[in-house]
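Descriptive structure summary
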Amino acid sequence: MKINCWILVLIPMICVLGAWAQTKPSANLIITNAKVWTVDKAHPTAEAVAVLGDRIVAVGSKAEVDAWRSPQTTVIDAGGKLLLPGFNDSHVHFVSGGLQLDSLQLNDVTSPAEFARRVGERAKGASKGEWITGGDWDETKWNPAQLPTKELIDPVTPETPVFLSRYDGHMALANSVVLHLAGITAKTPDPPGGTLVRDAQGNPTGALKDAAMDYVYKVIPPLSHERIVKAVRRALAHAASLGVTSVQNMNPDYADIAVYAELWERGELTTRIYAAPLITQVDDQVKIGVRHAFGDSFLRIGALKGYADGSLGSRTAYFFDGFDDQPSNHGLLSDEMQPLSLMRNRMMKADQAGLQLCTHAIGDQAISIILDLYGEVVKAHGDADRRFRIEHAQHMAAKDFDRFAQLHVIASMQPYHAIDDGRWAEARIGHDRASRTYAFRTFLNHGVRLAFGTDWDVAPLNPMLTVYAAVTRATLDGKNPNGWFPEQKLTVAETVEAYTMGSAYAEFQENEKGSITPGKLADLVLLSEDIFSIAPTKIRDAKVVKTIVGGKIVWDAAKQ
Ligand SMILES: [Zn+2]
């Protein structure tokens, strides 16, 4: 009886398999006549790629891939252009980025008068009670470089709350309306991990550093759901236009993740997202029981983002030695690190639960302390595939490169910061420390894995600027055309690898994406220029011709 049943089931199955063997499924998409750089060491180059569903099924010569063609196949003739795996930005602030696309932009302002004029213009168009945020101002572009004060903008914003971030996110300027709402007066103390900039009389100037900004965050009305949806849609479109097919989203709010999930359900996500909320919320993810990289190919959680210190620009990066131009100032440990046991306990909890740790550390001492803590975690819980990350890993102590490698810590770095901060970093930290700043080559020499990204909206999301930055290290002021600490430059191939496979590894997805390999997700970008052969200075001008995510064209320059 049993045997007969099996035969009844098996015969049709064999028939189906037989038919399948005769009519191999055809590709839904073929990109041919391309210069394919696969980032797959086994087969670095090819001419064509075939996609079936959302996966790559064939990579090879035109003839090999043509075998997957049928009348139903969409064929893209790449015209000999360069095809790469889609870029995976390992560190973005996705919703802030989307909001920034339609918020007040002050990054290109070069004088206090221009600053005040633009804020005033925006205030005129604002509805009653509406907050003016955004900014990304950079006083180092002013002559002389001086921090903006509330006095500069109060006359043009008598009733409008204004809170404008410095471009690095570690300082912001509040006007008097906001200081009043936040209850900040001359008597308000500096909080742990933060500073109120004060005038000669001790009155706050409106510039708030790091944790001091929390006084204001407490009174900013939360973003509405619609506003976040709008911001995410703008961010998705922006990413698609730049060939960014995956992002690793640092410190999203839960409301942001809820919007990602909603757009995921509607099939609207065109960029894959790995979300790492703040480690201060570790208990939530521990309670749910999710582990690192939990989710599907479009939306994952299971990582936590912590902060060890501030930034070099705001002089809050935490160093062993004082700043060269402010010897008694060593920077600041973040409030999450005061006391250290607070961070240690959270890390232990997270690791016990199988969650991934991504910790912002910029100054050499901050990095060193995080390596200590990571070492303690390993000691307490034993060896495991954890993929600890240090975000930025900007200024390394010479003694710590080996430890970085031994603990298998991933350096999640943003090359654009190097050509930006490189304009003035040496004046603040001196030649010796500057020589270990954004030390891409030294990391590789020590066997440390790199994962590249931008820190958008702190820096532009455009991967071409990142590749340009890593390959040239030519500072934005034009003063280092041959590279600022040129011995740390990378090749185009090394940079692209860190930005694709490196980032994929940093989110436990190296078997799913990061290279153009059969079986992997069909996330691809076709570029206007062959960035491997053009002059490095021209890389920043290369454009995206097509972006493909999961086999679907999500950006087509020809249709814009
Ligand atoms: Zn960041």
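The paragraphs below set out a description of the structure included in this document. (Residues numbered from 1 in each chain as written. Predicted model: local features only at pLDDT ≥ 70, side-chain atom pairs only at ≥ 80, totals over all residues. Heavy atoms only, no water.)

1. So, the coordination of the zinc ion
Around the zinc ion, the protein supplies H91 (NE2), H93 (NE2) and D455 (OD) as donor atoms, at distances of 2.1 Å. All donors of the zinc ion belong to a single chain; written as a sequence motif, their spacing is H-x1-H-x361-D. With H93 in the loop between β8 (87-92) and α3 (94-101) and D455 in the loop between β23 (450-452) and α17 (463-472), this residue pair connects regions lying 362 residues apart in the sequence. When its relative accessible area of 6% is taken as the criterion, D455 is described as buried. (Donors = N, O, S within 2.8 Å, 3.2 Å for Na, K, Ca; no water. Helix = DSSP H or I, 4+ residues; strand = E, 2+ residues; numbered from the N terminus. Buried < 20%, exposed > 50% of the residue type's maximum accessible area, 1.4 Å probe, protein only.)

2. Brief notes about the sheet that holds strand β1 (residues 29-32)
To summarise the sheet geometry, strands pair through backbone hydrogen bonds and adopt either a parallel or an antiparallel arrangement. Pairing is mixed across the open sheet formed by 4 strands, whose spatial order is β5-β4-β1-β6. Each edge of the open sheet is held by one strand with a lone partner, namely β5 (55-60) and β6 (74-77). Within this sheet the neighbouring strands show an average axis-to-axis angle of 15°, counted without direction. Pairing analysis gives 5 bridges linking strand β4 (residues 48-52) to β5, with the strands arranged antiparallel. By the bridge assignment, V49 is partnered in β5 with V59. (Pairing = 2+ DSSP bridges. Axes fitted to C-alpha atoms, helices over the stretch in contact; angles between N-to-C directions.)

3. Regarding the sheet that holds strand β21 (residues 389-392)
Overall, parallel pairing links the 5 strands, which are arranged β19-β20-β21-β22-β23 in an open sheet. Each having just a single partner strand, β19 (303-307) and β23 make up the two edges of the open sheet. Ignoring which end each strand starts from, the neighbouring axes of this sheet average 25° apart. In this structure, strand β22 (residues 410-413) lies alongside β23, joined through 3 bridges in parallel fashion. Each residue of the ladder has a partner; that of S412, found in β23, is A451. Across the sheet, helix α12 (residues 364-381) touches β20 (356-361) and β21, and the angle it forms with β20 is around 160°. (Contact = heavy atoms within 4.5 Å.)

4. So, the layout of surface pockets
What the second largest pocket holds in volume is close to 350 Å³. Residue lining of the second largest pocket: 18 residues in total, with K41, R449, E497, M501 and G502 positioned closest to the centre. Of all the secondary structure elements, the ones that give two or more residues to the lining of the second largest pocket are α18 (492-499) and α19 (501-506). A class-by-class count of the residues in the lining of the second largest pocket yields 8 nonpolar, 3 polar and 7 charged. (1 Å grid on protein atoms, 1.4 Å probe; cavity = no way out; pocket = protein on both sides within 12 Å on 5 of 7 lines; lining within 4 Å. Points joined across faces, edges and corners; volume = space filled by probe spheres on them. Nonpolar A, V, L, I, M, F, W, Y, C, P; charged D, E, K, R; others polar.)

By themselves, these observations are geometric and do not establish any function.
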